[in-house]
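Okay, here's what each chain looks like letter by letter:
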Amino acid sequence: MQAPDDFNPPPGQAVELQAGLRRILAPNPSPMTYRGTNTYLLGTKDCAVIDPGPMSETHLDAILSALQAGQRISHIIVTHTHLDHSPLAALLARRTGAPILAFGGPEAGRSTVMADLAQQGLAGGGEGIDTAFRPDIELADGETIEGDEWQLEVIHTPGHLGNHIALGWGNTCFTADHVMGWASSLVSPPDGDLTDFMQACHRLRDRTWSTFHAGHGAPITDPAARLDWLIQHRLTREAQILSALADQPGTARQLAERIYIETPKALLPAAERNVFAHLVDLTIKSMASPKGNLAIDAEFHRIA
């Protein structure tokens, strides 16, 4: 997490970020959502709503009230199906008639490894999944969404969630929860997949961007530097886990207790999830191995 910033806009007010783009902060601040979810309104005539946000009549009214004379909502785009991003989509669609676009339902984009873990019963550990979500239109990686005066490129960025997408708008990118300025992204199996997350980070890093607009927090004005930090942050944690495994084998919980020595006990379950995400990735890369089946309570050994 980076140092605290001065990002604290009033919820419900449409703030112009640049010509044709406004942001409305949802009234759902929390340790997981920072000041709240950022809903973006793109366009000057036919407008796209990016991430309607949580189920909130107050936020629904704020989105509709932001429409100016001659404007309508033509697209509702959901970047991923966590409860702080997608639930309001259905109600907004009923009020406006606009279709809902997303990569897919809650399990779309999930890797085989994560599907197997889910089949074993592993669940939870994140912001909560919108299990009822179904888009009207399923999007594919590389697809273009077009409005009357805007275009968005769909970039599949799994990792935080299998169905997570980013949206390229020229040299600007809406990165949702994949890249944020206020904190690193949560990656919690089986919904979060660190292998996919790192690949998506490198994919974004291979391109030149001027600004990232995240799902929470302020705009990121040096995207390359933020991606470099995010990648290095994960590599540093990986090195810590490998070092701990070199000392002695351990479960995800045991390793978390040895690595997160200054973390309050109440936060250890989240730390355990984070360590397990790395252990799954290390297993895939043949750098660590579980004793028995791949599971959160398995004992892991380092592979020399």
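Given the structure is predicted, the values throughout are model-derived calculations rather than measurements.

## A short note on the environment of leucine 242
Mapped onto the secondary structure, leucine 242 falls in helix α5 (residues 223–247). Judged by its relative accessible area of 9%, leucine 242 falls in the buried class. Separated by 223 residues in sequence, leucine 242 and alanine 19 place their C-alpha atoms 48 Å apart.

## Thoughts on the environment of glycine 124
Within the fold, glycine 124 resides in the loop between α3 (112–119) and β7 (137–138). The exposure class of glycine 124 is partly exposed, given its relative accessible area of 37%. With 26 residues separating them in the primary sequence, glycine 124 and alanine 98 have C-alpha atoms 31 Å apart. Every residue in contact with glycine 124, bar those within four places of it in the chain, is listed here: Ser188, Pro189 and Arg273.

## Re the packing of helix α1 (residues 57–65) against helix α2 (residues 88–96)
One can describe the packing of α1 onto α2 by two numbers: an axis separation of 11 Å at closest approach and a directional angle of 45°. What the angle tells us is that α1 and α2 run oblique. The interaxial crossing formed by α1 with α2 has right-handed handedness. Contacts between α1 and α2 involve Glu57, His59, Leu60, Ile63 and Leu64 on the former and, on the latter, Leu88, Leu91, Leu92, Arg95 and Thr96. Class assignment for the residues of the contact of α1 with α2 results in six nonpolar, two polar and two charged.

## As for the pairing of strand β4 (residues 46–50)
Most of β4 sits out of view: five of its five residues are buried. Burial along β4 is two-sided: Asp46, Ala48 and Ile50 and Cys47 and Val49, pointing in opposite directions, are all buried. Sheet topology places strand β3 (residues 38–42) next to β4; three bridges connect them, and they run antiparallel. What sits directly across from leucine 42, in β4, is alanine 48. As defined by bridge partners, β4 adjoins strand β5 (residues 72–77) across five bridges and the pair is classed as parallel. Each residue of the ladder has a partner; that of cysteine 47, found in β5, is isoleucine 73. With α1 bridging β4 and the parallel β5, this β-α-β connection has right-handed handedness.

## Comments concerning the side chain of aspartate 84
Summarising the element assignment, aspartate 84 is placed in the loop between β5 and α2. With no salt bridge to any partner, buried aspartate 84 finds its closest opposite charge in arginine 35, at an N-O distance of 14 Å. Within the local environment of aspartate 84, its side chain forms a polar contact with the side chain of histidine 216, the two groups lying 3.1 Å apart.

## Brief notes about the side chain of glutamine 71
Within the secondary structure, glutamine 71 is located in the loop between α1 and β5. A distance of 3.1 Å separates the side chain of glutamine 71 from the side chain of arginine 22, its partner in a polar contact. Not counting residues up to four positions away in its chain, the partners in contact with glutamine 71 are Arg22, Gly43, Thr44, Lys45, Cys47 and Ala66.

## A closer look at the pattern of salt bridges
For side chains of opposite charge, pairing can occur when their charged atoms come near one another. The full count for this structure, using the stated rule, is nine salt bridges. Close ionic contact of arginine 253 with glutamate 257 constitutes a salt bridge, the shortest N to O distance being 3.4 Å. With arginine 253 and glutamate 257 both in helix α6 (residues 252–259) and four residues apart, the pair spans about one turn of that helix. Exposure remark for arginine 253: the relative accessible area of 29% places this residue in the partly exposed category. For arginine 253, the salt bridge goes to glutamate 272, with nearest N and O atoms at 3.7 Å.

So, how was this worked out
Residues numbered from 1 in each chain as written. Predicted model: local features only at pLDDT ≥ 70, side-chain atom pairs only at ≥ 80, totals over all residues. Heavy atoms only, no water. Helix = DSSP H or I, 4+ residues; strand = E, 2+ residues; numbered from the N terminus. Buried < 20%, exposed > 50% of the residue type's maximum accessible area, 1.4 Å probe, protein only. Contact = heavy atoms within 4.5 Å. Axes fitted to C-alpha atoms, helices over the stretch in contact; angles between N-to-C directions. Parallel < 35°, antiparallel > 145°, perpendicular 65-115°, else oblique. Left-handed = near helix turned anticlockwise from the far one by under 90°. Nonpolar A, V, L, I, M, F, W, Y, C, P; charged D, E, K, R; others polar. Pairing = 2+ DSSP bridges. Right-handed = clockwise from strand over helix to strand, strands pointing away. Lys, Arg positive; Asp, Glu negative; His and termini not counted. Salt bridge = Lys/Arg side-chain N within 4 Å of Asp/Glu carboxyl O. Polar contact = N/O pair within 3.5 Å; in protein donor to acceptor, adjacent residues only side chain to side chain.

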